[in-house]
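So the chains spell out like this:
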Amino acid sequence: MNRKQFLSEMKQGFFQTLKEISSPFVEEKLEQVDQAVENITGVHWKAVKELALPLSEHKIYDVSLARQPLLIMKSNDAILCILKKCKCCGAFIHYISYAKEMRCLPCDYSVSLTSKQARERLYILHTKEENNLLWIGLPLELLKREK
């Protein structure tokens, strides 16, 4: 091995060592950036590992994610995710399938999923499909209340 090859090997080894030493610090900083983005947006994304994509059309999925009861359905190529808690009293709300509505028994209130009031009266959560998984955006204020 001549001097040029030796220095080339030394340079490659040095940069590889630097990369391995610095990667934990970079990963920690990326996690801090992710946490800052979550705090700014107010949404924590969690993967729903129980469901296989693509979802069946007009089928209802009852899922618990981060101790939160969710109702997930696909209608007209759009995925709808509803937190099954009443905005008024915080009680568990029920899905009435034959009427396609959500009903809160303590409030004696019901809202149709096809009405315009559904967005105002229900917790409708953001969804995204990534890496062949369904991701749900859970509001941070709901997660903090549960602790």
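Let me begin by describing the structure that accompanies this report.

1. Describing the overall build of the protein
Logical step 1: Of regular secondary structure, the protein possesses three helices and nine strands.
Logical step 2: Reading the protein from its N terminus to its C terminus gives the helix and strand order α-β-β-β-β-β-β-β-α-β-β-α.
Logical step 3: For the protein, whose C-alpha radius of gyration is 23 Å, the value lies well above the compact-globule estimate of 15 Å for 147 residues.
Logical step 4: Projected onto its principal axes, the C-alpha positions of the protein cover 85 × 35 × 25 Å.
Logical step 5: Across the 147 residues that make up the protein, the buried fraction comes to 30%.

2. Focus: helix α1 (residues 3–41)
Logical step 1: Relative to the 57 Å expected for 39 residues at 1.5 Å per residue, α1 spans 55 Å between its end C-alpha atoms, a close match to the ideal helical length.
Logical step 2: Residue serine 22 marks the point of greatest curvature in α1, where the axis turns by about 40°; the proline proline 24 follows within four residues.
Logical step 3: N-capping of α1 is provided by asparagine 2, with a side-chain oxygen placed 3.2 Å from the backbone N of lysine 4.

3. Digging into the nonpolar core
Logical step 1: Core analysis: the biggest nonpolar cluster contains 18 residues, and Leu51, Leu55, Ile72, Leu134 and Ile136 have the highest contact counts within it.
Logical step 2: Every element with two or more residues in this core is listed here: β2 (60–65), β3 (68–75), β4 (78–83), β8 (123–130) and β9 (133–139).
Logical step 3: When sequence neighbours within four positions are dropped, the list of residues in contact with isoleucine 136 reads His44, Trp45, Lys46, Val48, Leu65, Leu70, Ile72, Cys81, Leu125, His126 and Thr127.
Logical step 4: By size, the runner-up hydrophobic cluster in this structure holds 12 residues, among which are Met73, Cys86, Ala91 and Met102.

4. Looking at the environment of alanine 118
Logical step 1: Counting through the fold element by element, alanine 118 comes out in helix α2 (residues 118–121).
Logical step 2: When the C-alpha atoms of alanine 118 and glutamate 101 are compared, they prove to be 9.0 Å apart, with 17 residues separating the residues in sequence.
Logical step 3: If we ignore the near neighbours within four places in the chain, the residues touching alanine 118 are Val111, Ser112, Leu113 and Ile124.

5. With respect to the sheet that holds strand β5 (residues 94–96)
Logical step 1: Strand order in this open sheet of three strands is β5-β6-β7, and the pairing throughout is antiparallel. In the strand order of this sheet, the two ends are held by β5 and β7 (109–112), each with one partner. On average, adjacent strands in this sheet sit at an angle of 30° to one another, irrespective of strand direction.
Logical step 2: Sheet topology places strand β6 (residues 101–104) next to β7; four bridges connect them, and they run antiparallel. Note on β7: the bridge partner recorded for glutamate 101 is serine 112.

6. As for the pattern of salt bridges
Logical step 1: In this structure the tally under the stated criterion is three salt bridges.
Logical step 2: Put simply, lysine 84 and aspartate 62 hold a salt bridge, and the shortest N to O gap is 2.7 Å. Taken together, the residues span a long stretch of sequence, with lysine 84 in the loop between β4 and β5 and aspartate 62 in strand β2 at a distance of 22 residues.
Logical step 3: Classification of aspartate 62 by relative accessible area gives exposed; the value is 56%.

The rules behind these values
- Residues numbered from 1 in each chain as written.
- Predicted model: local features only at pLDDT ≥ 70, side-chain atom pairs only at ≥ 80, totals over all residues.
- Heavy atoms only, no water.
- Helix = DSSP H or I, 4+ residues; strand = E, 2+ residues; numbered from the N terminus.
- Rg over C-alpha atoms; globule rule 2.2 N^0.38 Å.
- Buried < 20%, exposed > 50% of the residue type's maximum accessible area, 1.4 Å probe, protein only.
- Expected span 1.5 Å × (residues − 1).
- Bend = angle between axes of the 7 residues up to and from the residue.
- Polar contact = N/O pair within 3.5 Å; in protein donor to acceptor, adjacent residues only side chain to side chain.
- Core = buried A, V, L, I, M, F, W, Y, C linked by side-chain atoms within 4.5 Å.
- Contact = heavy atoms within 4.5 Å.
- Pairing = 2+ DSSP bridges.
- Axes fitted to C-alpha atoms, helices over the stretch in contact; angles between N-to-C directions.
- Salt bridge = Lys/Arg side-chain N within 4 Å of Asp/Glu carboxyl O.

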